[in-house]
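What follows is each chain in one-letter form.
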Amino acid sequence: MDLSTIGQGFVGGAQGLFGLLSILNLTSPKLPSAASVEDGAIFDYIIVGGGTAGSIVANRLTEEKDINVLLIEAGEDPEIETTVPGFMTFLPNTPYDYNFPTVNDNFSAQNLKGNAVRMTAGKALGGSSVLHHMIQVRGNRRDYQRWATAANDSSWDYDSLLPYFIKSEQVKSPEILNSETGSYHGTEGYVNMTKEPHKVNKDILDAFVEMGYEYLVDVNGNKTLGVAEPLFVIDDGVRQSMAECHLSAAKDRSNLFVYKGTTVTKILFDDDKNAIGVEIFTKDSKTMTIKARKEIILAAGVIRTPQVLMLSGIGPKTHLNEFNIDVISDLPVGETFQDHFGVVVAHKLNKSPILTSLSPSFPDFKQFPAPTTVGFKSLEPDATYPDFQTINLRMPHNSIGLPSLCSNVFKYKNSICNEMIRSNIGRDLLFSVFFIMQPYSRGKVELRNTDPMDYPSIYTGYFSNTTDLDNLGSYLLHFSALANTTYFKSVDAELVDFNLEDCNDLDRNSYDYWRCYGLKMSSTIWHPASTCPMGPVLDSKLNVRGVKKLRVVDASGLPSVNSGQLMAAVMVFAEKAADLIKEDM
Ligand SMILES: Cc1cc2nc3c(=O)[nH]c(=O)nc-3n(C[C@H](O)[C@H](O)[C@H](O)COP(=O)(O)OP(=O)(O)OC[C@H]3O[C@@H](n4cnc5c(N)ncnc54)[C@H](O)[C@@H]3O)c2cc1C
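Rules and cut-offs
- By convention here, each chain's residues receive numbers from 1 onward along its written sequence.
- Per-residue local features of the predicted model are confined to residues with pLDDT of at least 70, and side-chain atom pairs are confined, for both listing and counting, to 80 or more; whole-chain, interface and lining totals are unaffected and use all residues.
- In computing side-chain properties, one takes all heavy atoms of the structure into account and sets aside hydrogens as well as water.
- Secondary structure is summarised from DSSP: a helix means a run of H or I of at least four residues, a strand means a run of E of at least two, and numbering begins at the N terminus for each.
- Note that the radius of gyration is over C-alpha atoms, with the globule rule given as 2.2 Å times the number of residues to the power 0.38.
- Remark: exposure states derive from per-residue accessible area (1.4 Å probe, protein chains only) relative to the maximum for the residue type, with buried under 20%, exposed over 50%, and partly exposed in between.
- Here a residue-residue contact requires only that any non-hydrogen atoms of the pair lie within 4.5 Å.
- Note: two strands are recorded as paired if DSSP finds a minimum of 2 bridges between them.
- Simply put, an axis is a line fit to the C-alpha atoms, just over the touching stretch for a helix, and the angle between two N-to-C directions goes from 0 to 180 degrees.
- We call a residue near a molecule or strand as soon as one heavy atom of that residue lies within 4 Å of the molecule or strand.
- Pairs of N or O atoms within 3.5 Å make up the polar contacts considered here, provided that, within protein, one atom can donate a hydrogen while the other can accept it, and that residues adjacent in sequence are counted only when both atoms are side-chain atoms.
- Under the convention used here, a 1.4 Å probe and the Shrake-Rupley method define accessible areas, while residue burial counts only the protein chains that appear.
- We call a crossing left-handed when the near helix sits turned anticlockwise from the far one by less than a right angle, and right-handed when that turn is clockwise.
- Charged means Asp, Glu, Lys or Arg here, nonpolar means Ala, Val, Leu, Ile, Met, Phe, Trp, Tyr, Cys or Pro, and polar covers whatever is left, Gly included.
- UniProt positions are given in the numbering used here, feature names are shortened, and annotations may be inferred rather than shown by experiment.
- For salt bridges, the criterion is a side-chain nitrogen of Lys or Arg within 4 Å of an Asp or Glu carboxyl oxygen.
- Charge counting treats Lys and Arg as positive and Asp and Glu as negative, with His and both chain ends excluded.
- The definition of a nonpolar core used throughout is a set of buried Ala, Val, Leu, Ile, Met, Phe, Trp, Tyr and Cys residues joined through side-chain atoms within 4.5 Å.
- Throughout, disulfides are identified as pairs of cysteine sulfur atoms within 2.5 Å of each other.

A word on the overall build of the protein chain. Looking only at helices and strands, one finds 15 helices and 26 strands in the protein chain. Since a compact globule built from 585 residues should have a radius of gyration of about 25 Å, the 23 Å found for the protein chain is in line with a globular shape. Its C-alpha atoms give the protein chain principal-axis dimensions of about 70 × 50 × 45 Å. Residues classed as buried in the protein chain amount to 63% of the 585 residues present. Relative to all contacts within the protein chain whose residues are 6 or more apart in sequence, the contacts with residues 24 or more apart total 73%.

A few words on the sheet that holds strand β5 (residues 135–136). With respect to topology, 4 strands assemble into an open sheet ordered β5-β9-β7-β6, the strand pairing being mixed. Since the sheet does not close on itself, it has two edges, and those belong to β5 and β6 (169–171), each with one partner. Pairing between β6 and strand β7 (residues 191–195): 3 bridges, direction parallel. Among the inter-strand pairings, Q170 is bridged to a residue of β7, identified as N192. Sheet contacts for helix α4 (residues 158–168): β6 and β7; angle to β6, the most-contacted strand, approximately 65°.

Lining the immediate surroundings of the ligand are 37 residues, of which T52, E73, Y98, S128 and I135 lie closest. With respect to the ligand, the side chain of S128 contributes an N or O atom lying 2.8 Å from an oxygen atom. Interatomic distance of 3.1 Å between a backbone N/O atom of M134 and an oxygen atom of the ligand. Within the complex, 96% of the 1,000 Å² of free accessible area of the ligand lies under protein. At the level of secondary structure, the elements contributing two or more residues to the shell around the ligand comprise α2 (52–61), β13 (263–269), α8 (301–311) and α15 (566–583). Tallying contributions element by element places α15 first for the shell around the ligand, with 4 residues.

With that settled, consider the packing of α2 against α15. Two elements in contact, α2 and α15, have axes separated by 9 Å at closest approach and are oriented at 35°. Both α2 and α15 take part in a crossing whose hand is right-handed. In this structure, α2 uses T52, A53, I56, V57, R60 and L61 to contact α15, whose residues at the interface are M567, V570, M571, A574, E575, A578, I581 and K582. Of the residues in the contact of α2 with α15, the class split is 10 nonpolar, 1 polar and 3 charged.

Further remarks concern the UniProt feature "domain: Glucose-methanol-choline oxidoreductase N-terminal" (unreviewed entry) in the protein chain. As recorded in UniProt, the feature "domain: Glucose-methanol-choline oxidoreductase N-terminal" (unreviewed entry) lies at residues 43–340. Between the first and last C-alpha atoms of residues 43–340 the distance is 37 Å; the span itself is 24% helix and 22% strand.

Attention now moves to the pattern of salt bridges. Considering all chains together, one arrives at 27 salt bridges under this definition. In this structure, K195 engages E175 in a salt bridge whose closest nitrogen and oxygen atoms are separated by 3.4 Å. Of this pair, K195 sits in strand β7 while E175 is found in helix α5 (residues 174–177), placing the two residues 20 residues apart along the sequence. Residues R508 and D497 are paired through a salt bridge, measuring 2.8 Å at the closest nitrogen-oxygen approach. Of this pair, R508 sits in the loop between β24 (494–495) and α14 (511–520) while D497 is found in the loop between β24 and α14, placing the two residues 11 residues apart along the sequence.

What follows concerns the side chain of E73. Position of E73 relative to the elements: it lies in the loop between β2 (69–72) and β3 (100–101). Lacking a salt bridge, the buried E73 has K123 as its closest oppositely charged neighbour, with an N-O distance of 7.5 Å. Other than its neighbours up to four places away in sequence, E73 contacts G49, G50, G51, K123, A124, L125, Y259, K260, G261 and T262.

If you look at the biggest cluster of nonpolar residues, it comprises 179 residues, and the most contacted ones within it are W147, W156, V278, F431, Y517 and L550. Ranked by residues supplied to this core, first place goes to α15 with 12 residues. In this structure, L91, A124, V130 and L131 belong to the second largest nonpolar core, which totals 5 residues.

Let us look at unusual backbone geometry. The phi angle at S285 is positive, at roughly 65°, despite the residue not being glycine. Inspection of the secondary structure puts S285 in the loop between β14 (275–281) and β15 (287–298). Residue S285 is classed as exposed on the basis of its relative accessible area of 51%. With a phi angle near 55°, N398 is a residue other than glycine that sits in the positive phi range. Relative to the assigned elements, N398 resides in the loop between β20 (388–395) and α10 (402–409).

For the rest of this paragraph, the subject is the UniProt feature "domain: Glucose-methanol-choline oxidoreductase C-terminal" (unreviewed entry) in the protein chain. According to UniProt, the feature "domain: Glucose-methanol-choline oxidoreductase C-terminal" (unreviewed entry) maps to residues 439–574 in the numbering used here. Between the end C-alpha atoms of residues 439–574 there is a gap of 24 Å, over a span that is 28% helix and 10% strand.

Time to look at the state of the cysteines. Under the definition given, this model contains 2 disulfides. Linked covalently through their sulfurs, C406 and C417 form a disulfide whose S-S length is 2.1 Å. Taking the sign of the torsion about the S-S bond as the criterion, the disulfide between C406 and C417, at about -90°, is left-handed. Here the residue C406 occupies a position in helix α10, and C417 occupies one in helix α11 (residues 414–423), the gap between them amounting to 11 residues.

Here's what the structure looks like:
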């Protein structure tokens with residue numbers, strides 16, 4: 001029996017229900033109403049993209065009453081179901097997911113449907129923060145030192161950014177606030193954060209401690225190596241998207257105008273290379289021009305920002321010449337794409353009496369879909385930064401969330417998801433998402449054509465540097481010792497064996513098996529970044545090199561990914577960017 005089809009049925013049913021809910025338009029009263037904008041209208045600032053970074057910048061700039069801001073977003077208000085944390089696994093493949101195809105490299109991601117990654121990304125006010133996985137991990141201080149080095153500007157190092165981390169958040173966990181890491185956190189920011197609530201992770205935490213991980217109350221403080229229960233951007237049962245937190249706060253300001261369902265197709269320049277306006281394509285299929293007196297801030301995300309730049313004449317000269325685009329600034333736009341990529345490893349555990357999809361208290365849709373722990377580890381004995389991370393979800397036996405997690409979120413092929421679902425019948429499953437923190441491999445984003453509504457070509461570049469695959473094999477071999485811990489033995493834990501072609505004949509305890517597994521099970525962890533990075537493309541004030549009055553503020557501007565979850569890095573990037581823009585007002 002093809003068990004995956006049951007999961008697909010659930011997904012289809014849930015998404016059908018979402019369609020009905022959307023008619024009620026339940027999130028709109030919280031968000032800025034839609035502005036009506038005339039062709040040729042002029043604003044002080046235009047922000048392109050009302051996603052994670054764009055929402056933050058819009059809120060911060062409109063704190064200044066003397067200027068006005070137009071925020072242009074290709075999507076609409078996020079639908080009500082996006083605010084419900086437990087619906088997370090049903091959100092990909094909806095009209096508010098770009099679901100960007102990537103190019104099949106015939107090497108990585110071969111056990112995903114279509115033999116290539118589909119890159120989930122939010123198309124709505126709030127952007128990817130309306131459908132992402134809500135785990136908040138800043139990463140390691142070395143990550144931000146790398147940014148400072150790339151930017152040649154020490155104001156991007158961790159100590160300089162710490163006030164922005166604090167400013168951005170409203171942590172509501174007394175356990176963290178009263179701990180030694182309390183001073184690393186804010187309690188007055190816009191983004192509410194609460195700690196993993198389920199309180200059933202002790203066995204799993206103990207197993208990691210036995211493996212040599214240090215138990216931490218908080219991985220966002222002075223120590224970033226260890227195992228912990230994470231912080232989530234969830235408060236009072238509601239996902240804290242950047243629309244929910246930042247745009248709702250700015251909703252009634254008379255200097256914020258939000259143009260929804262409208263795509264920016266091009267940045268317009270005068271003869272002195274000043275960015276003076278944008279060309280837009282509205283939802284009623286009109287092409288119009290909007291002008292900016294002061295600046296344009298591009299925040300269209302890691303795929304669309306390089307596409308808009310290239311279509312506007314900013315990108316690699318030879319590539320733009322192929323499409324007869326006049327070159328305004330010859331820059332390596334799109335050439336340094338980076339992502340976190342990794343695998344899922346699953347262990348069958350015992351049947352926990354308090355965790356069952358069918359019990360009245362679980363799943364609780366107001367929380368993250370499963371009890372969760374996060375682990376950060378290096379194989380170097382004295383390391384101060386992690387080599388890899390695991391996110392461990394304890395899925396209850398017969399979980400209704402597992403099929404959609406496997407098939408709709410990760411998009412593994414039916415053969416993989418069937419085995420996963422079968423293994424969950426009558427047994428809890430530890431579903432571990434496992435990935436390298438600082439991969440060497442880089443991909444690229446290129447134009448496919450000059451149609452701004454079409455997708456560009458995305459080459460993920462996973463394992464293009466084979467050191468990543470060699471390292472992944474070593475890290476996974478180390479991780480496989482989890483099965484030998486006291487708790488795992490006590491419940492006769494079993495690794496789920498997916499019968500992977502080419503790996504099948506290898507000894508399950510060997511490096512060769514785990515290297516093979518790493519390649520065959522590879523998937524994105526949805527942290528694409530660095531297509532227009534500070535350094536080669538942006539200066540340290542985030543201005544696009546070679547032109548004036550144009551900045552980039554989103555994940556594309558990060559020089560590299562952080563050793564954690566990317567949104568924390570995007571949030572701090574946007575908070576600092578807003579201050580940089582204000583300094584030049
Ligand atoms: C499935 C998934 C799970 C994730 N899980 C986590 C997690 O658990 N924790 C974490 O920290 N991070 C997570 N992330 C990563 C994080 O969500 C992203 O890194 C971050 O939200 C990116 O922010 P951004 O501002 O760069 O882009 P986005 O938030 O994607 O915003 C870009 C916006 O620009 C709009 N836009 C695009 N083109 C145009 C145009 N031409 N004109 C007008 N508007 C345009 C888009 O519609 C979108 O709203 C996850 C991401 C995904 C996709």
